[in-house]
Each structure stands twice: as structure tokens, then as C-alpha cells.
Amino acid sequence: MKTILCSMALCAGLAWGTAAAQAPASTDAAAPVASAAAPASPAAAPAVGGIQGQNIFQVKPDASEEPGYAKQTNGERAKVQPGNNAPMWRQVGEGVTGYSSLPKSQAPEAGNLIQPFVQYPGSRVTNAGEAWRQVRNQWIIPYGGSLLLIVAGAIALFYWRKGTMHLHGAETGRKIERFTPFERSAHWANAIAFVALAISGLVMAFGKFFLLPILGGTLFGWLAYALKNLHNFAGPLFAVSLVIVFLTFVKDNFPRRGDLTWLLKGGGMLSGTEVPSHRFNAGEKLIFWGGVLFLGAIVVASGLVLDKLIPGLIYERGTMQIAHMVHAVATVVMMVMFMGHIYLGTIGMQGAYKAMKTGYVDETWAREHHQLWYEDIKAGKIPSQRSSSSAEPAGEAAAAKPLQA
């Protein structure tokens with residue numbers, strides 16, 4: 001018991017001694033610590049990093065009067081006007097290439113935020129991105145759309161006033177093979193791909209003006225996304241079928257005597273008396289060489305660039321912008337030319353659609369629309385049946401046998 005009481009007394013004494021020793025030490029040291037901290041604050045100020053102040057009243061108001069102010073680097077400008085990064089953004093706007101760790105082959109313009117200044121046809125002198133936007137929004141979209149509407153209106157007006165071009169004579173029942181099964185297959189493959197590309201392209205270019213207000217953002221977004229993928233997949237099909245169509249029909253589309261007369265008289269569409277022509281008249285030859293070959297080559301080449309399918313080509317923004325403008329202009333002109341071709345091949349001329357559907361035309365149709373071609377058949381220069389007789393539709397065979405030269 002005595003041992004326990006002694007231990008408790010010893011602990012109490014130690015605790016009182018410790019408290020007594022600490023109290024005066026903290027009191028006496030408060031003043032020196034405070035006095036020592038005061039002179040240390042000025043020395044600690046330079047350790048703070050970054051811009052010290054961005055108040056306009058704290059910068060030098062006459063900094064712009066210093067020699068070489070406009071040519072200062074970003075670091076030099078920061079010394080006289082903290083927070084003023086005008087030199088850096090001026091270089092960005094001028095297209096200066098900065099540092100980028102991305103490989104040049106995969107990201108050729110990774111170091112450029114803004115393209116250099118250019119002037120595309122129809123734009124102001126500005127950076128290339130803005131110049132492309134001006135050409136697209138101020139020229140291609142309004143004038144291209146207007147041209148399509150004008151041509152569609154002219155065709156509708158012509159059909160309203162003239163109607164379908166009917167045969168003047170009665171059909172004989174004797175058939176001539178105008179297109180073989182291979183020729184029709186090549187034509188329909190190209191035609192289907194063209195229609196898919198035309199519809200999807202029109203929606204992507206003009207859809208936000210006439211479909212977006214009706215369908216709403218969500219549905220129009222899904223539609224545009226689906227048509228964009230359709231456009232990309234139909235493009236290669238159109239390119240391949242275009243080559244096949246060219247090789248298939250080129251032998252009958254070379255200029256011949258009488259084509260100039262056909263063009264000067266407009267084919268006789270207004271007079272009612274059609275100008276004699278061979279298998280293809282001058283208007284069809286103009287569409288073949290101008291639409292299929294010339295415009296087709298431009299559309300396919302620019303489309304391959306936009307799809308990034310040309311190996312070895314560096315796909316910079318400027319390359320894609322130029323390819324888009326060329327592609328858009330060429331496709332609008334091509335659609336205008338083919339609108340007339342589609343009209344005459346469907347409701348504009350009696351028997352024209354049936355010729356591409358079945359491959360056969362009546363002897364009267366051949367004589368009235370392609371008189372020189374019909375005369376060559378009658379003279380035996382061209383066979384009236386160029387494919388096997390089994391390829392003739394059953395209905396046509398029941399009506400009459402093909403014309404024998």
C-alpha cells in the first residue's frame with residue numbers, strides 16, 4: 001500500500017513540474033517568434049510563381065512606345081505587360097507551326113491551330129478555314145441549290161407544256177435489241193449508285209434548311225448519319241460502275257457527221273421533227289463525254305480524297321477543303337445534266353424507259369428517234385439481235401420476232 005501511494009505522489013509531482021516548465025517557455029518565446037517572422041515575409045514574396053498581377057493599372061501604360069514593341073516575343077511582352085499574350089496569339093493566327101510530339105505522317109498539322117491566310121475563288125483574304133466556309137455558305141449552297149431548283153422547274157414546265165413525246169406512227173410489233181443484258185446491268189448499277197449518292201448528298205448539304213425544322217434535331221441527326229455512311233459505301237460502287245459504263249458505250253459515242261446539226265436544232269424537241277441520229281444522238285454524247293467522263297472523273301477523284309482512299313497523299317485541312325469545293329461544284333453540275341437525261345429516259349419519251357428495262361424497242365421507235373441507226377440495221381451493217389435469243393423477254397418474243405436484217 002505504501003508503495004502505491006509513493007508511486008502516485010511521484011507521478012503527480014512529475015506532471016506539475018512539466019506544466020510549470022512549459023508555461024513560461026511559450027510565453028517568453030511568443031515575442032521573439034513574432035519579431036522574427038516579420039522581417040522574413042519580404043524575403044518569401046519572390047518564391048510565389050506565375051503572374052503577380054493583371055490589373056491594367058499595374059502595367060506600364062507607355063509600353064507600346066518602346067522600340068520594337070510590335071515585334072516583342074511573348075516572354076519580352078510579359079515583362080512589361082504581364083498577362084498580355086498578344087505575340088503568341090499573333091503567331092498562332094499567322095499559322096506558325098508549334099511543337100507537337102505527334103508523328104508528321106499521322107498528324108501533319110498537329111502544330112498548327114489556325115491555317116495560313118489564303119484567298120479561294122469567291123472568298124476574302126483570310127485564314128483557309130474561314131475562306132472555305134465563305135465559299136461553301138455564300139456560293140456553293142445558295143447558288144448550287146438555286147441551280148437545281150431552276151432546272152427542276154424548267155423540266156416540270158416543259159413537261160406541263162409539251163407532255164410525253166409520243167410516237168407519230170403505229171408500232172409494228174417488230175423488235176430491235178437496243179441494249180444487251182450486260183449493258184443494262186452496267187447502266188442500272190451506275191444509275192442506282194448515282195441516285196443513292198445524289199439523295200444522300202442533297203440531304204447532307206441542304207437538309208438542315210428543309211428537313212431539320214420538320215424532323216427535329218434527333219431524328220435528322222440519325223438520318224444524316226445513316227445517309228453519310230450510305231454515301232461513303234455507294235461512292236466506290238459508282239466509281240467502278242462508271243468505268244464499266246464508259247468502256248461499254250464509248251464505241252458508239254464518238255462524234256459523227258450530223259451531230260453538230262442535231263445540236264444546232266436542239267434535236268428537234270421544240271419543232272416536233274426529230275433530227276436523224278445514230279445509236280446515240282449528240283445530246284446523249286454530250287452527257288457521255290461531259291457528264292460521265294469529265295465530271296465523273298472529277299467527282300470520283302475528289303470523293304476518293306474526301307474518303308482518304310488515295311495512298312501516299314498527305315491529308316491536310318487545305319487538301320480536304322479544296323477537294324470538298326471541287327466535289328460539290330462538280331456534283332451539282334453533274335446532277336443538273338443527269339436530271340435531263342433521267343427525264344427523257346422515263347416520262348419524257350415514250351418507250352425510252354422500256355428500252356433500258358427490257359433491252360428492246362419497236363421498229364417505229366428506232367426509225368423516229370434514231371433514224372440513221374435504224375437504216376444501218378436495215379442495211380445489215382448492225383445486227384438487230386446482238387445477244388442470244390434466249391435473253392429476249394417472253395412477252396416480247398410472243399409479240400413478234402426481232403427484225404432480221
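Preceding block: the structure.
This report concerns the structure included in the present document.

Definitions and limits used
Residues numbered from 1 in each chain as written. Predicted model: local features only at pLDDT ≥ 70, side-chain atom pairs only at ≥ 80, totals over all residues. Heavy atoms only, no water. Helix = DSSP H or I, 4+ residues; strand = E, 2+ residues; numbered from the N terminus. Buried < 20%, exposed > 50% of the residue type's maximum accessible area, 1.4 Å probe, protein only. Contact = heavy atoms within 4.5 Å. Areas by Shrake-Rupley, 256 points an atom, 1.4 Å probe, with all protein chains shown as cover. Patch = residues over 30% accessible without salt bridge, like charges linked within 9 Å, V, L, I, M, F, W, Y side chains within 5 Å. Salt bridge = Lys/Arg side-chain N within 4 Å of Asp/Glu carboxyl O. Core = buried A, V, L, I, M, F, W, Y, C linked by side-chain atoms within 4.5 Å. Axes fitted to C-alpha atoms, helices over the stretch in contact; angles between N-to-C directions. Left-handed = near helix turned anticlockwise from the far one by under 90°. Parallel < 35°, antiparallel > 145°, perpendicular 65-115°, else oblique. Nonpolar A, V, L, I, M, F, W, Y, C, P; charged D, E, K, R; others polar. Phe/Tyr/Trp six-rings, centres within 6.5 Å; stacked < 30°, edge-to-face > 60°. Lys NZ or Arg CZ within 6 Å of the ring centre and 35° of its normal. Arc of directions from axis to C-beta.

## What to know about the overall build of the protein chain
Next up, step 1: A count of helical and extended segments in the protein chain gives 14 helices and four strands.
Next up, step 2: By residue count, 34% of the 405 residues in the protein chain fall in the buried class.
Next up, step 3: For the protein chain, long-range pairs separated by at least 24 residues make up 66% of all intrachain contacts whose partners lie at least 6 apart in sequence.
Next up, step 4: Total accessible area on the protein chain is roughly 24,700 Å²; 67% of this is exposed by carbon and sulfur atoms.

## What to know about a nonpolar patch on the surface
Next up, step 1: Judged by side-chain polarity, Met88, Trp89, Leu113 and Ile114 come together as a nonpolar surface patch covering roughly 400 Å² of accessible area.
Next up, step 2: Of note, Trp89 is situated in helix α3 (residues 86–93).

## Some words on unusual backbone geometry
Next up, step 1: Even without glycine at this site, Lys308 takes up a positive phi of about 60°.
Next up, step 2: Its place among the elements puts Lys308 in the loop between α9 (282–306) and α10 (317–345).

## Things to note about the nonpolar core
Next up, step 1: If you look at the biggest cluster of nonpolar residues, it comprises 27 residues, and the most contacted ones within it are Leu148, Phe194, Phe238, Met334 and Phe338.
Next up, step 2: Only α4 (128–162), α5 (181–210), α7 (217–249), α9 and α10 provide two or more residues apiece to this core.
Next up, step 3: Setting aside its immediate chain neighbours within four residues, Phe238 contacts Asn190, Ala193, Phe194, Leu197, Val300 and Met334.
Next up, step 4: Residues Leu167, Ile176, Ala352 and Val361 belong to the second largest nonpolar core, which totals 19 residues.

## Notes on the environment of Leu372
Next up, step 1: With respect to the helices and strands, Leu372 occurs in helix α13 (residues 371–378).
Next up, step 2: Each C-alpha atom, one on Leu372 and one on Gly258, is 9.8 Å from the other, the two residues being 114 residues apart in sequence.
Next up, step 3: Look past the residues within four positions of Leu372 in its chain and what remains in contact with it is Pro276, Ser277 and His278.

## With respect to the pattern of salt bridges
Next up, step 1: Scanning the entire structure with this criterion turns up eight salt bridges.
Next up, step 2: For the salt bridge of Arg174 with Glu363, the shortest nitrogen-to-oxygen distance reads 2.5 Å. In this pair, Arg174 is assigned in the loop between α4 and β3 (175–177) and Glu363 in helix α12 (residues 363–369), connecting sequence segments 189 residues apart.
Next up, step 3: The exposure class assigned to Arg174 is partly exposed, which follows from its relative accessible area of 37%.

## Points about the packing of α5 against α7
Next up, step 1: In the contact formed by α5 and α7, the axes pass within 7 Å of each other and the chain directions differ by 145°. Note that α5 runs across α7; the crossing there is left-handed.

## Considerations on the environment of Gln91
Next up, step 1: Relative to the helices and strands, Gln91 resides in helix α3.
Next up, step 2: Separated by 17 residues in sequence, Gln91 and Asn74 have C-alpha atoms that sit 9.9 Å apart.

## Some thoughts on the packing of α9 against α10
Packed helices, taken two at a time, are described by the angle between their axes plus the distance between the axes.
Next up, step 1: The contact between α9 and α10 brings their axes to 8 Å, and the two run at 150°. It follows that α9 is roughly antiparallel to α10 by the angle criterion. The handedness of the crossing between α9 and α10 is left-handed.
Next up, step 2: Of the residues that constitute the contact of α9 with α10, the class distribution is 16 nonpolar, ten polar and no charged.

## Quick look at the packing of aromatic side chains
Next up, step 1: Going through the model one piece at a time under the given rule, you end up with 13 aromatic pairs.
Next up, step 2: Judged by centre distance (5.2 Å) and plane angle (90°), the ring pair of Phe288 and Trp289 falls under edge-to-face.
Next up, step 3: Its end group placed over the ring of Trp160, Arg161 keeps NZ or CZ at 5.0 Å from the ring centre.
Next up, step 4: Cation over ring: Arg178 sits above Trp373, and NZ or CZ is 5.0 Å from the ring centre.

## Some details on α13
Next up, step 1: The set of residues buried in α13 consists of Trp373, Tyr374, Asp376 and Ile377. In an axial view of α13, the angular spread of the buried residues amounts to 160°, which keeps them on one side of the axis.
Next up, step 2: Buried-residue contacts for α13 involve β3, β4 (360–362) and α12.
Next up, step 3: One or two residues past the end of α13 sits Gly380, with phi positive at roughly 85°.

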